[in-house]
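Understanding the architecture of this molecule
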Amino acid sequence: LPFVAPSIEDGHLCGSGASDMKGGIAAAVEALRALRAANALECGGVLLTAHDHHEGPWGDRRQLLALIRAGYVGDGVLLPEYLAHVLPIGGRGQAIFSVDICRAGEPVHEVLRPAGLPDVLGAGADLVLRLRDLNQRLSAIKAEHVGADSAFVGRIESGQIYNQAPVRCRVEGTRRWVRPGGRDAVRREFDEILEAVAVESGTQVNVVE
């Protein structure tokens, strides 16, 4: 990524990581220093950890999982993810999805397509529209402080050239929910949408795990 050199502008620190996440780590370290200097903890303790490789879709959580396996766990967790003037008291669950819509065979020129050839790109477009409709319905599911449920598509990719019927279409995005413990219900709902797309289009629709 492009590196932005650090600087002080009008009393504010600017540069790569000033807010996310080096500045946040520095703030957490200073908070712990102040707690220790004031002897503010009458019992228990605070453990500060920092790790990388945690954000999807590229992160595999290797450092976080290694810390947990090594026994670095606590009775409660506070995630100081960003610098702000408010303390978050709630949040939404989130799933990042990547869906492959496929058909058998090879890519074929548009004028040579056999009758009944499954249209993976059309099925992908259908999935995007279904998720758009789902997002509209989900907007009614709200919780104080954290907003509403949502379904979002940020990427659709298919084909190699403009006049060739592809064999795969990938759709990627996020699904967020406000109800605690809603993960299983969200997955069932998502799988039902994928099954409907597969049946109606004659394609194979799979979640990329």
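What you see as residue numbers is a count from 1 along each chain, following the sequence as written. Whole-chain, interface and lining totals are the exception, using all residues; otherwise, since this is a predicted model, local features are given only for residues with pLDDT of at least 70 and side-chain atom pairs are given and counted only at 80 or more. Hydrogens and water are ignored here; the side-chain numbers use all heavy atoms of the structure.

Counting from the N terminus, the helices are the DSSP runs of H or I reaching at least four residues and the strands are the DSSP runs of E reaching at least two. For the protein chain, the count of helices and strands is four helices and 10 strands. Listed by position from the N terminus, the elements making up the protein chain come as β-β-α-α-β-β-α-β-β-β-β-β-α-β. Its C-alpha atoms give the protein chain a radius of gyration of 23 Å, more than 25% over the compact-globule value 17 Å for 209 residues. On the principal axes, the C-alpha backbone points of the protein chain span a range of 75 × 40 × 40 Å. Considering the protein chain as a whole, with its 209 residues, one finds that 22% of them fall into the buried category. For the protein chain, contacts bridging at least 24 residues in sequence account for 63% of all contacts bridging at least 6. If the 22 positive side-chain charges of the protein chain are averaged to one point and the 27 negative ones to another, these points end up 2 Å apart. This radius of gyration counts C-alpha atoms alone. The globule rule is 2.2 Å times how many residues there are, raised to the power 0.38. Each residue is placed in one exposure class: buried if its accessible area under a 1.4 Å probe, protein chains only, is under 20% of its type's maximum, exposed if it is over 50%, and partly exposed if it falls in between. Contact between two residues is taken to exist if any of their heavy atoms lie within 4.5 Å; hydrogens are not considered. This count recognises Lys and Arg as positive and Asp and Glu as negative, with His and chain-terminal groups excluded. Just so you know, the charge point we use is NZ for Lys, CZ for Arg, CG for Asp and CD for Glu.

The phi dihedral of D10 is positive, around 55°, even though this residue is not glycine. Note on placement: D10 falls in the loop between β1 (7-9) and β2 (12-14). Despite not being glycine, R61 has its phi angle at roughly 65°, a positive value. Along the polypeptide, R61 turns up in the loop between α1 (22-37) and α2 (62-69). The exposure class of R61 is partly exposed, given its relative accessible area of 46%.

Here we come to a nonpolar patch on the surface. Taken together, I25, V29 and L48 make up a surface patch of nonpolar side chains, about 230 Å² in accessible area. On the secondary structure map, V29 appears in helix α1. Patches here: salt-bridge-free residues with over 30% relative accessible area, like charges joined within 9 Å, nonpolar side chains (Val, Leu, Ile, Met, Phe, Trp, Tyr) joined within 5 Å. Every accessible area reported is derived by Shrake-Rupley at a probe size of 1.4 Å, with residue values counting cover from the shown protein chains alone. Every case where a carboxyl oxygen of Asp or Glu lies within 4 Å of a side-chain nitrogen of Lys or Arg is listed as a salt bridge.

Moving on, we come to the sheet that holds strand β3 (residues 93-102). Criterion used throughout: strands pair if DSSP finds at least two bridges between them. Strand order in the open sheet formed by four strands is β7-β9-β3-β10, with antiparallel pairing between adjacent strands. Either end of the sheet is taken by a strand with one partner, and the two such strands are β7 (150-158) and β10 (204-207). Neighbour-to-neighbour, the strand axes of this sheet turn through a mean angle of 20°, independent of strand direction. Looking at chain direction, β3 and strand β9 (residues 168-177) are connected through 10 bridges and run antiparallel. Paired with I96 across the strands is T174, a residue of β9. Note on geometry: axes are lines fitted to C-alpha atoms, helical ones only across the stretch in contact, with angles between N-to-C directions running from 0 to 180 degrees. In the packing of helix α3 (residues 120-138) onto the sheet, the strands contacted are β3, β7 and β9, and the crossing angle to β7 comes to about 165°.

What follows is about the pattern of salt bridges. Here the structure, examined in full by the defined rule, presents 13 salt bridges. Its salt-bridge partner being R33, residue E30 comes within 2.9 Å of it at the nearest N-O pair. Residue E30 and its partner R33 are located together in helix α1, separated by three residues, close to a single helical turn. Overall, the relative accessible area of 42% leaves E30 in the partly exposed class. For R33, a relative accessible area of 43% corresponds to the partly exposed category. D184 is the salt-bridge partner of R183, the closest N and O atoms lying 3.6 Å from each other. Judged by its relative accessible area of 59%, R183 is exposed.

Relative to β10, β3 runs antiparallel, the two being bridged by four bridges. Bridge pairing in β10 places C102 opposite Q204.

This brings us to the environment of V146. Mapped onto the elements, V146 comes out in the loop between β5 (142-143) and β6 (147-148). In this structure V146 comes out as buried when scored by relative accessible area, which is 18%. In this structure the C-alpha to C-alpha distance between V146 and I25, which are 121 residues apart in sequence, comes to 24 Å. In this view, V146 contacts G90, G91, R92 and V178; residues no more than four positions away in its chain are not counted.

This part is about helix α4 (residues 183-201). Residues spaced three or four apart along an α-helix point in a common direction, a consequence of the helix completing one turn every 3.6 residues. In this scheme, a helix's expected span is set at 1.5 Å multiplied by one less than its residue total. For α4, with 19 residues, the first-to-last C-alpha span of 27 Å sits near the 27 Å given by 1.5 Å per residue. Inspection of α4 places V186, F190, I193, L194, V197 and A198 among the buried residues, and these make up the whole buried set. Seen from one end, α4 has its buried residues packed into an arc of 135°, which puts them on one side. Turned more than 90 degrees off the buried face of α4, the exposed positions are R188, E192, E195, V199 and E200. What the arc describes is the spread of directions from the helix axis to the C-beta atoms.

Geometric values such as these leave the question of function open.
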